[in-house]
Amino acid sequence: MTVAKVWKLLRQPVGRPTPENFICVEEQLPPCDDGDVITEAEYLSVDPYMRYKIRQIPLNSTMVGSQVARVTESKNPQWPVGSLMVHYQGWRTHTHLSSKFLQTKDNNVSPLPDMGNLPKSLGIGVIGMPGITAYFGFLEICQPKAGETVLVNGAAGAVGSIVVQIAKMKGCKVIAFAGSDEKVAWVKELGADYAFNYKTTNIGEALSQAAPENINCYFDNVGGQFSAEVLPHLADLCRVSVCGAISTYNDDSKDIGAVSLTSPFSEATLIWKQLRVEGFLCYRWNDRWTEGLKQLQHWVLEGKIKYKETVFHGFDKMPSAFIGLFDGENIGKAVVKL
Ligand SMILES: NC(=O)c1ccc[n+]([C@@H]2O[C@H](COP(=O)([O-])OP(=O)(O)OC[C@H]3O[C@@H](n4cnc5c(N)ncnc54)[C@H](OP(=O)(O)O)[C@@H]3O)[C@@H](O)[C@H]2O)c1
């Protein structure tokens, strides 16, 4: 009998989440019947979107999330013992995946791409969902052209750091913002032409200096006040890819249903600058997921995309790793290693 440790949502956070919002319990898994498998997590992901999701799930639900997991018991020839997968069964050490579930379309279970000598954790990082978000969210929505000026915030994070590098590969001038001097130094190493610490810099003044020609593509991970300050610096016909709005995720004062966000994009600015502002979810490109992963892996192997990970050790670190996202504790992708 396998016993899983599982993190559940105990109380709804108000504002920034705290460790008291979560509780770790033990669950006995059902036995492995024909077609079933049992997996053990190797790396678990913590992501900003989880702050939205916990507004939508009932108390005592398992916290949502993805993981790189290894099959430890199997009565399913498609998933032999030892095979590796990425699944979205949440914050849990062990998982029972039934034959019925494994046959369901859109079950979000996929084999981990062959990583060769690369760390398996990249399957929830640069060669996983955050990589796909950067790749399609930037290239498809911003449609960058060589010589254009691209602005990226959250630029030392999982998604932002990849956007910086793809924008450079496309021949763009890149202006990046991140939340510490160490992060700014890394983003410059990645090729950003200008990088600023938004906590110690006047955003408007920095943009006047770095982009007197104004910005053609804005990849926004932060939203809120940051975007309000960016708005006057956007060029006519700028393409804005609204990837995330992490600066607003803990703001419970402006809840609209499950989503808390006040848009800084006024209609007058949209009209007069003829902006194209488009939000997206990475799953829009589900049918091109494999293509994206292959390209990202190729770039990593060629050294054209560099990555960092902030690895938290131990399943007990799940809440603190998650909460740390809102304090900028991570550089690159935040993962928890079991
Ligand atoms: N649309 C999609 O399908 C999709 C998919 C994945 C991610 N996203 C979004 O993309 C964004 C980045 O996600 P990620 O996974 O790459 O996370 P991440 O950037 O690796 O981690 C979050 C980072 O956000 C920054 N941050 C936290 N609070 C902030 C605030 N109040 N103002 C400004 N920056 C703040 C921190 O960096 P600093 O030290 O720089 O502040 C922190 O390290 C998030 O908004 C996320 O929701 C969207």
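None of these values were measured; they are calculated from a predicted model.

Details of the overall build of the chain
Next up, step 1: Looking only at helices and strands, the chain has 10 helices and 17 strands in total.
Next up, step 2: For the chain, the C-alpha radius of gyration of 20 Å lies close to 20 Å, the compact-globule estimate for 338 residues.
Next up, step 3: If one aligns the C-alpha atoms of the chain with their principal axes, the spans along those axes are about 65 × 45 × 35 Å.
Next up, step 4: Here the chain holds 338 residues, and 44% of them are scored as buried.

Structural notes on helix α5 (residues 181–189)
Next up, step 1: Considered for burial, the residues of α5 that qualify are Lys183, Val184, Trp186 and Val187. Viewed along the axis of α5, the buried residues span an arc of 165°, placing them on a single side of the element. For α5, the exposed residues set more than 90 degrees away from the buried face come down to Asp181, Glu182 and Glu189.
Next up, step 2: Residues of α5 that are buried sit in contact with α4 (158–169), β9 (173–178) and β10 (194–197).

Describing the site of the ligand
Next up, step 1: Neighbouring residues of the ligand: 31 residues in total, closest Gly157, Ala158, Gly179, Gly244 and Gly328.
Next up, step 2: If you list the elements that add at least two residues to the shell around the ligand, you get α3 (129–142), α4 and β17 (333–337).
Next up, step 3: Looking at the shell around the ligand residue by residue, the class counts come to 17 nonpolar, 11 polar and 3 charged.
Next up, step 4: A domain-level breakdown of the shell around the ligand finds at least three residues from each of domain 1 (3–125 + 308–337) and domain 2 (129–284).

What to know about the sheet that holds strand β15 (residues 276–279)
Next up, step 1: Here 6 strands make up an open sheet; going across it, the order is β10-β9-β8-β11-β12-β15 and the pairing parallel. Among the strands making up the open sheet, the edge pair consists of β10 and β15. Across this sheet, the average inter-strand angle for adjacent strands is 15°, counted without regard to direction.
Next up, step 2: Contacts between α3 and the sheet are confined to β11 (215–220), β12 (234–242) and β15, with β12 contributing the most and set at about 150° to the helix.
Next up, step 3: Most of the contacts of α4 go to strand β8 (residues 149–152), to which it runs at about 170°, and overall it touches β8, β9 and β11.

Notes on the domain arrangement of the chain
Next up, step 1: The domain architecture assigned to the chain consists of domain 1 (3–125 + 308–337) and domain 2 (129–284).
Next up, step 2: Taken together, the 18 residues of domain 1 in the interface contact 19 residues of domain 2.
Next up, step 3: The greatest single-element share of the side of domain 1 that touches domain 2, amounting to 4 residues, is contributed by helix α1 (residues 49–56).
Next up, step 4: A breakdown of the residues in the side of domain 1 that touches domain 2 according to their chemical character gives 6 nonpolar, 7 polar and 5 charged.

Regarding α3
Next up, step 1: Here α3 spans 19 Å end to end across 14 residues, near enough to the 20 Å set by a 1.5 Å rise per residue.
Next up, step 2: The element α3 is largely enclosed, with a buried count of 11 among its 14 residues.
Next up, step 3: Inspection of α3 places Met129, Pro130, Gly131, Ile132, Thr133, Ala134, Tyr135, Gly137, Phe138, Ile141 and Cys142 among the buried residues, and these make up the whole buried set.
Next up, step 4: Against the buried residues of α3 lie α4, β11, β12, β15, α9 (289–302) and β17.
Next up, step 5: At the C-terminal side of α3, glutamine 143 shows a positive phi close to 45°.

Observations concerning the packing of α3 against α4
Next up, step 1: Here α3 crosses α4 at 45°, and the two axes come no closer than 8 Å. As the angle between them shows, α3 and α4 are arranged oblique. Judged by the twist between their axes, the crossing of α3 over α4 is right-handed. For the pair formed by α3 and α4, the contact residues are Pro130, Gly131, Thr133, Ala134, Tyr135, Phe138 and Leu139 on the first element and Ala158, Val159, Ile162, Val163, Ile166 and Ala167 on the second.
Next up, step 2: Tallied by class, the residues present in the contact of α3 with α4 amount to 11 nonpolar, 2 polar and no charged.

Rules of the game
- Residues numbered from 1 in each chain as written.
- Predicted model: local features only at pLDDT ≥ 70, side-chain atom pairs only at ≥ 80, totals over all residues.
- Helix = DSSP H or I, 4+ residues; strand = E, 2+ residues; numbered from the N terminus.
- Rg over C-alpha atoms; globule rule 2.2 N^0.38 Å.
- Buried ≥ 20, exposed ≤ 12 C-beta atoms within 10 Å, placed from the backbone.
- Arc of directions from axis to C-beta.
- Contact = placed C-beta atoms within 7 Å.
- Near = placed C-beta within 6 Å.
- Nonpolar A, V, L, I, M, F, W, Y, C, P; charged D, E, K, R; others polar.
- Domains from an automatic or database assignment.
- Pairing = 2+ DSSP bridges.
- Axes fitted to C-alpha atoms, helices over the stretch in contact; angles between N-to-C directions.
- Expected span 1.5 Å × (residues − 1).
- Parallel < 35°, antiparallel > 145°, perpendicular 65-115°, else oblique.
- Left-handed = near helix turned anticlockwise from the far one by under 90°.

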